[in-house]
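Structural overview
These are the residues of each chain, in order.
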Amino acid sequence: GFTPPRMLLGFHVKSKSWLPPGGKVKPTESFDTALHREVLEEAGMYVRIYGGESLSDGNDRHFRDEHSEQCCTPIFVDKHRSPAGPYHLALCYIAKPEEAHRPEPFFHHNEEFTAMRWMRLDEINALFAIKPSVRRYCQIAMAAVVQIEDLQHAKRQQSGYVAAVLEADRVNDE
């Protein structure tokens, strides 16, 4: 039968709430590289960013220069005030487990997360220990998955999706 899509969430120690894998983008990283690194560090899982990797094939010199880089498009971006700087950007991406590597999380209890598990939208909506903004991220991500997947493919789908959130701090408001 039909298997509803699932999202991977972890119980975060510091915030005492359920969060998707994700984290800060290092100054030398692309968003794509940061997403792969964060999901691997936090969930022990290799993923494929939904919609493919960066749109750039490296041969678009007429479009790029040494100061630019093409990245996958997030499904949405949330801008909000942050204690770390004037603004904080959360970029939400959808990714799928790489079946050839490790399709299930290889999670070890660590200083950042005490649990990691796949959840359906009804389970996410029933959580008490989740920030309203994170619940909304998950709802938007699940809606995007349902829109993108055709029903025939979704019926065969056995793995879940990862909604990864990358963070960029100190964004000027000018």
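What you see is a predicted model, and the numbers here were worked out from it, not measured in a lab.

1. Some remarks on helix α1 (residues 31-43)
Helix length check: α1 (13 residues) gives 18 Å between terminal C-alpha atoms against 18 Å at 1.5 Å per residue, within 8%. With its phi angle positive at about 65°, Gly-44 sits one or two positions after the end of α1.

2. Describing the side chain of Glu-29
Assignment of secondary structure puts Glu-29 in the loop between β3 (22-24) and α1. Overall, Glu-29 belongs to the buried group, its relative accessible area being 14%. At a separation of 2.9 Å, a polar atom in the side chain of Glu-29 contacts the main-chain amide nitrogen of Lys-26. Among the polar contacts made by the side chain of Glu-29, one reaches the side chain of Arg-37 at a distance of 2.6 Å. If near-sequence neighbours (up to four positions away) are discounted, Glu-29 is found in contact with Lys-24, Ala-34 and Arg-37.

3. Thoughts on the state of the cysteines
The term disulfide refers to a covalent linkage connecting the sulfur atoms of a pair of cysteines. Taken as a whole and judged by the stated rule, the model has zero disulfides. Sulfur of Cys-92: no disulfide; nearest cysteine sulfur belongs to Cys-138 and is 7.5 Å away. Overall, the relative accessible area of 0% leaves Cys-92 in the buried class. Given a relative accessible area of 1%, Cys-138 falls into the buried group.

4. Topic: the side chain of Glu-38
Among the secondary structure elements, Glu-38 is positioned in helix α1. Among the polar contacts listed, one links the side chain of Glu-38 to the side chain of Arg-37, at a separation of 3.0 Å. With residues near it in sequence (within four places) discarded, Glu-38 still touches Gly-22, Gly-23, Lys-24 and Ala-43.

5. Section: the packing of aromatic side chains
Tallied over the entire structure, the rule returns two aromatic pairs. Taking 5.5 Å as the distance between ring centres and 70° as the angle between the ring planes, the aromatic pair formed by Phe-11 and Trp-18 counts as edge-to-face. The exposure class of Trp-18 is buried, given its relative accessible area of 12%. The interplanar angle of 50° and the centroid separation of 5.1 Å between the aromatic rings of Phe-76 and Tyr-137 together place this pair among those described as tilted. One end of the pair, Phe-76, is in strand β5 (residues 76-82); the other, Tyr-137, is in helix α3 (residues 132-148), with 61 residues separating them in the sequence. Positioned above the aromatic ring of Trp-18, the side-chain terminus of Arg-117 is 5.7 Å from the ring centre.

6. Notes on the pairing of strand β6 (residues 85-97)
Among the 13 residues that make up β6, 12 are buried, leaving the element largely enclosed by the rest of the structure. Pairing between strand β4 (residues 47-49) and β6: three bridges, direction antiparallel. Bridge pairing in β6 links Ile-49 to Ala-95. The sheet contact formed by β5 and β6 spans six bridges and is antiparallel. From the neighbouring strand, His-80 faces β6, where its bridge partner is His-88. Hairpin geometry of β5 and β6 is characterised by an intervening segment of two residues between the two adjacent antiparallel strands.

The rules behind these values
- Residues numbered from 1 in each chain as written.
- Predicted model: local features only at pLDDT ≥ 70, side-chain atom pairs only at ≥ 80, totals over all residues.
- Heavy atoms only, no water.
- Helix = DSSP H or I, 4+ residues; strand = E, 2+ residues; numbered from the N terminus.
- Expected span 1.5 Å × (residues − 1).
- Buried < 20%, exposed > 50% of the residue type's maximum accessible area, 1.4 Å probe, protein only.
- Polar contact = N/O pair within 3.5 Å; in protein donor to acceptor, adjacent residues only side chain to side chain.
- Contact = heavy atoms within 4.5 Å.
- Disulfide = S-S within 2.5 Å.
- Phe/Tyr/Trp six-rings, centres within 6.5 Å; stacked < 30°, edge-to-face > 60°.
- Lys NZ or Arg CZ within 6 Å of the ring centre and 35° of its normal.
- Pairing = 2+ DSSP bridges.

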